[in-house]
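# An overview of the molecular structure
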Amino acid sequence: MEVLYLLIPLSLLLVLLIACLLRWAIRSGQYDDLNGPAYRIVMDDDRPPDKEID
Amino acid sequence: MVVNYSTHTAEVLWQPARLPLSHILAGIHELGFQAWPFHHKQKALQQTQAKRTALLHIGSAALFGMQVMMISIGLYFGAWNMAWDMDADMQRFLHWVAMLLTVPVMVYSGQSFFINAWRDLKNRSLSMDVPVVLGLTIAFIGSALATVSGRGEVYFDSICVLILLLLISRYFEFQTRLDANRHLEKLYRVKPDTANKITPAPADQTDADQTDANQIDVIPAIKLQPGDLILVYAGEHIPVDGVVMSGDSAVDEALLTGEARPVTKKAGDALIAGSTNMYAPLTVEVTAVGNNTRLQQILRLIEQGHQQKPRLTAIINRFAGGFVMAVILIACVTGVYWYLHDASSWLGVTIAVLVVTCPCALSLATPTAYTAANNAMLGRGVAVLGQNVLQALAAAQVFIFDKTGTLTTGEMQVSGLTLFSGLSKAHCLKLAASLEAKSDHQIARAIRAAADHGELLPTCNLVNHPGAGVTAKIDQCHYFLGSAAFINRQTGLLPEQDESAGDTLDETIGMEVFLTTSTAVLCAIGLEDYPRPGVGALVSYLNAQAKQTILLSGDRQRLVVAIGDKLGFDEAIGAQLPEGKLAYLQEKIDRGDMVVMVGDGINDAPALAVSPVSIAMGNGADISKLNADMILLNSDLMQITEAHQLARRFVRVLKQNILWAVGYNLLALPLAIAGILTPWLAAIGMSVSSLIVVLNSTRLARLRTTA
């Protein structure tokens, strides 16, 4: 069981790494809108820029 | 200074000369809060930030907490399974690792609890965070000592579970509040910042090519004055209240009224700020700007309503302070008792007592339900302006309705045509419409609407007799249009009618005007003030609920009774002046009935003010002067059914919440004192009970009845 003395500190490093990843993911706004991106594919972008009709 | 808890805003009135704003902000900061001058965009930014931080706290608590729990399982396994003898070194190593992992959970994820508790202690008040922090601190210090000394129990897993679950329930509460504000936020956001102002062409230019000659400037919307002309293109928001001068289009007012279908607008129709022009450009004359627009008035009323604290919440908050004190005392006594009797388990029991009895669920029970219910109401076009209205509405027994403008649209419509000559119906209507072409009276509009196909005939010598009728010449022939009495005076054609003889069915429904030449009666046109759609359904719904429905009106008794019978009212009382309505209402209230008064808000203002629950139509004159508790923004009476159902559901949820919160605490406390509840069980129980309360409240916002 002595291997635990090595494996647990290693897992701690892994946890730290994952924590940093999570921090990056949240900070970059990936969790701000969980519903919107699903609709992005149906949003057409081909509308001409809003020039008013006189 | 007024603080709005659910929108997290405070309204401050100050004299800039004597006290700069920065001092106020600094003072608020000293109390332990952060304050910014209000701005909706900044607020949205803050909310995004707050949400991200909350997610990060939850995420790290979950991540580190999982590791701690995994290690705890190892420890438990070692303690139970005697076959595999965990040596003391390994056990100490695992304790140290668990402690190391708990530190970020405590310090980072749990920081908000410590900050809140510290702020409350500094202000000498006891909130629900205090026992939580006390429990966390005791548990951590006790476990840390055990880790260092190598003797005793550790509770790192319980700490992590408690922080994680509490954070989750707070996050849900935060989310509910955001949802509740989202509708309001939308209203704030729509106002466009600019408008296309039309400066009329100089007078010497010809009328041809008017639009080209007019100069159009894009100016900030706040610079508009009533009376200005603006051009609103299709797809644009309308920045101000106004009247359409020219153009035909439809306008989406869904934001304000909840009505999804666009409303057609033509010259002469009123527009409200915040609605969207759908199809074609409109030229609009500005009638109200800035704070005087309907949108702003409604927003102000709603905000004022939110500032009023629900009675129940105030009671519970006062109670919660004493409760926390009691919890801490009980925890102390329990701790001392167990320390004397069973020194090994005193720490665990004390932590369990502190954690399990925290009145979190109780504190969340009412505010979450209120915000969810108010939000659901607003989404259906019902603005709730008082905080204690919903309970009253749910308990209401008597519903009193005004007639004109409330049950009926207040707009006349042609209901029947009786011919007395060889002329066709269409021709009669065309003649009548031509006579009324220049008039803006309700009757004139109704007749014009009925004859809306075909060109009107040219008239000359048009004479309008206000309140009686019109006369004019068409094709060299003299025509008369007006009431029977008017025709009689003018032509002597219709015999003098005595009032009682006019008791025909037609007369009880509406009124009749006659079209005649100077020698012959051509036709009689029946006009009716139609009930709003949904009145019948509303009354039958209320009757099915065994509510008393009363029609109270200023119109003639006979008319009111007829309409009351037709629509199925229990009682119909006519010929009531505003004072009479007030006295009638007061009598009902004195008898102890829970009364709901529904009126259009103009002539019913006194009655609306007296009634425990008053519902006003949103199209009433000046909504800021309505003394109503609720406003039907789209004037759809069917919303009353929904509001009533929602209010009853709200009361049910409120009862469930309070019952659950109180029952849970009463049940868990003896168990914890007796030492049956372990700290981790207590942590789960307490946070899950808050979670249940919050989720139960969100049911109110989610449930959508078929509209």
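Bear in mind that the values here come from a model prediction, so they are computed numbers and not experimental data.

Cut-offs applied
- The numbers attached to residues start from 1 for each chain and follow its sequence in the written order.
- The order in which chains are written sets their letters, starting at A; the order in which ligands are written sets their numbers, starting at 1.
- For a predicted model such as this one, the threshold for reporting local features is a pLDDT of at least 70, and the threshold for listing and counting side-chain atom pairs is 80 or more; totals across whole chains, interfaces and linings nevertheless cover every residue.
- As used throughout, a nonpolar core is a set of buried Ala, Val, Leu, Ile, Met, Phe, Trp, Tyr and Cys residues joined through C-beta atoms within 7 Å of each other.
- Labels follow a simple rule on C-beta atoms placed from the backbone: if 20 or more others lie within 10 Å of a residue's own, it is buried; if 12 or fewer, it is exposed; otherwise it is partly exposed.
- In this description, any two residues whose backbone-derived C-beta atoms lie within 7 Å of each other are considered to be in contact.
- If DSSP finds at least two bridges between two strands, the strands pair.
- Strands here are runs of E lasting at least two residues and helices are runs of H or I lasting at least four, both read from the DSSP assignment and numbered beginning at the N terminus.
- The angle between two axes is taken between their N-to-C directions and runs from 0 to 180 degrees, where each axis is a line fitted to C-alpha atoms and a helix contributes only its stretch in contact.
- Working rule for angles: under 35 degrees goes down as roughly parallel, over 145 as roughly antiparallel, 65 to 115 as roughly perpendicular, anything else as oblique.
- Handedness of a crossing is defined here by the sense of rotation of the near helix relative to the far one, left-handed for an anticlockwise turn of less than a right angle and right-handed for a clockwise turn.
- To estimate how far a helix should extend, the number of its residues minus one is multiplied by 1.5 Å.
- By the convention adopted, Pro, Cys, Tyr, Trp, Phe, Met, Ile, Leu, Val and Ala count as nonpolar, Lys, Arg, Asp and Glu as charged, and the other residues, Gly among them, as polar.

Residue and element names in this part refer to chain B. In terms of nonpolar packing, the biggest core is built from 148 residues, with Ile159, Val355, Ile400 and Val596 touching the most fellow members. Here Ile159 is in contact with Thr102, Val105, Met106, Leu136, Ala139 and Phe140, once residues within four sequence places are set aside. Counting 28 residues, the second-largest nonpolar core is a separate cluster that includes Val414, Leu431, Ala472 and Leu515.

Residues and elements named next belong to chain B. Read across the open sheet, the 3 strands follow the order β8-β7-β10; overall the sheet is antiparallel. Only two strands of the sheet have a single neighbouring strand rather than two, namely β8 (263–265) and β10 (276–277). For strand β7 (residues 249–252) and β8, the ladder comprises 3 bridges, and the chain directions are antiparallel. Along β8, the bridge assignment pairs Ser249 with Lys265.

Right, let's get into the packing of helix α4 (residues 111–122) of chain B against helix α5 (residues 129–149) of chain B. The description of two helices packed together rests on the angle between their axes and the distance between the axes. Residues and elements named next belong to chain B. Direction vectors running N to C along α4 and α5 enclose 120°, while the axes themselves pass 9 Å from each other. The angle between α4 and α5 places the two elements in the oblique class. The crossing of α4 and α5 is left-handed. The residues of α5 that touch α4, namely those facing Phe113, Phe114, Asn116, Ala117, Asp120 and Leu121, are Asp129, Val130, Val132 and Val133.

With that settled, consider α4(B). When the terminal C-alpha atoms of α4(B) are compared, their 16 Å separation across 12 residues agrees well with the 16 Å that a helix rising 1.5 Å per residue should span. Looking one or two residues past α4(B), Arg124(B) carries a phi angle of roughly 55°, positive in sign.

Let us now look at the packing of helix α19 (residues 535–544) of chain B against helix α23 (residues 638–673) of chain B. Residues and elements named next belong to chain B. α23 packs onto α19 with a crossing angle of 30° between their chain directions and a minimal axis gap of 8 Å. Overall, the two elements α19 and α23 adopt an arrangement that is roughly parallel. For the pair α19 and α23, contact is made by Ala537, Leu538 and Tyr541 and by Met638, Ile640 and Thr641, respectively.

Attention shifts here to the interface of chain B and chain A. Interface size is commonly expressed as the accessible area that is lost once the parts come together. Facing the 13 residues of chain B at the interface are 13 residues of chain A. No other element matches the 9 residues that helix α2 (residues 40–80) of chain B contributes to the side of chain B that touches chain A. By residue class, the composition of the side of chain B that touches chain A is 8 nonpolar, 4 polar and 1 charged.

Moving on to the sheet that holds strand β11 (residues 282–288) of chain B. Residue and element names in this part refer to chain B. Read across the sheet, 6 strands follow the order β4-β3-β5-β11-β6-β9 without closing on themselves; strand pairing throughout is antiparallel. Bordering the open sheet on either side are β4 (215–220) and β9 (270–271), each of which pairs with just one other strand. With 3 bridges connecting them, strand β3 (residues 194–199) and strand β5 (residues 229–232) associate as antiparallel partners. Its bridge partner being in β5, Asn196 is matched across the sheet by Leu231.

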